[in-house]
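# Tertiary structure, described
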Amino acid sequence: MKKNGLTYTVLFTFVTAFFFVFLLSLANGATSARVEENKEIAVQAAVLSALGILPSDKEAVLSEYAMRFNKIPDPGDLMKTDLNSTSILVKYYSGPGLWGTISGILAVDKDLKTIRGLEIISHNETPGLGGRIDEDWFKEQFRNERIVEGRITVRKGSGQKDTDSANGVVDGITGASQTSQSVEKILNSQLEILKKGGADQ
């Protein structure tokens, strides 16, 4: 068989491709369980972070989570727990962002008057702009933020986070107004669902 012939080229390409696909398949099979485990731990950590009680290491996260919940939530799931004698609702939310789905954890008092915390689990927003929604300074604005007239407002980014936890307003991300508006719509949609009976599930 001539090495510069068409048959040799096709055969060589096929064998090489098959070899690398085989290796990738083995690697995927060997790591899929670990990847799934890491995803589950990330969700558990997000839940605890939204509650403001995130432990510092993996084992502590698993232990604290197991004491409070008996399942790992999927998007759309609602769970309940008590924190300092207050009943807290924990919602795994998802909704449309500018470039894809934004998902995360929203923790609110059962009376729907205060947000306890917010976490972002995944998004496809623009790095350095809308992608900044997963930065601590942005998420921490929601910590203990008052829900005013059933809503939270994410105002146009001014470059300074809002420090008034009683006004129901947080500062959006400068240069990412559409992503900021998406976060506002998602959260207010979730609050409306809870108000209409989701809190009694």
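Residues numbered from 1 in each chain as written. Predicted model: local features only at pLDDT ≥ 70, side-chain atom pairs only at ≥ 80, totals over all residues. Heavy atoms only, no water.

## Points about the overall build of the protein
Each helix and strand in the protein was counted, giving 4 helices and 7 strands. Listing each helix as α and each strand as β along the protein from the N terminus yields α-α-β-β-β-β-α-β-β-β-α. The burial tally for the protein puts 39% of its 201 residues in the buried class. The contacts of the protein with a sequence gap of at least 6 include a subset with a gap of at least 24, amounting to 43%. A total accessible area of about 11600 Å² is found for the protein, and carbon and sulfur atoms account for 54% of it. (Helix = DSSP H or I, 4+ residues; strand = E, 2+ residues; numbered from the N terminus. Buried < 20%, exposed > 50% of the residue type's maximum accessible area, 1.4 Å probe, protein only. Contact = heavy atoms within 4.5 Å. Areas by Shrake-Rupley, 256 points an atom, 1.4 Å probe, with all protein chains shown as cover.)

## Some remarks on the sheet that holds strand S2 (residues 86–96)
The 5 strands lie next to each other as S1-S2-S3-S4-S5, forming an open sheet whose pairing is antiparallel. At either margin of the open sheet sits one strand with a lone partner, and together these are strand S1 (78–83) and strand S5 (145–146). Sheet strands in contact with helix H4 (residues 177–195) are S1, S2, strand S3 (101–109) and strand S4 (114–122), and its direction is about 130° off that of S2. (Pairing = 2+ DSSP bridges. Axes fitted to C-alpha atoms, helices over the stretch in contact; angles between N-to-C directions.)

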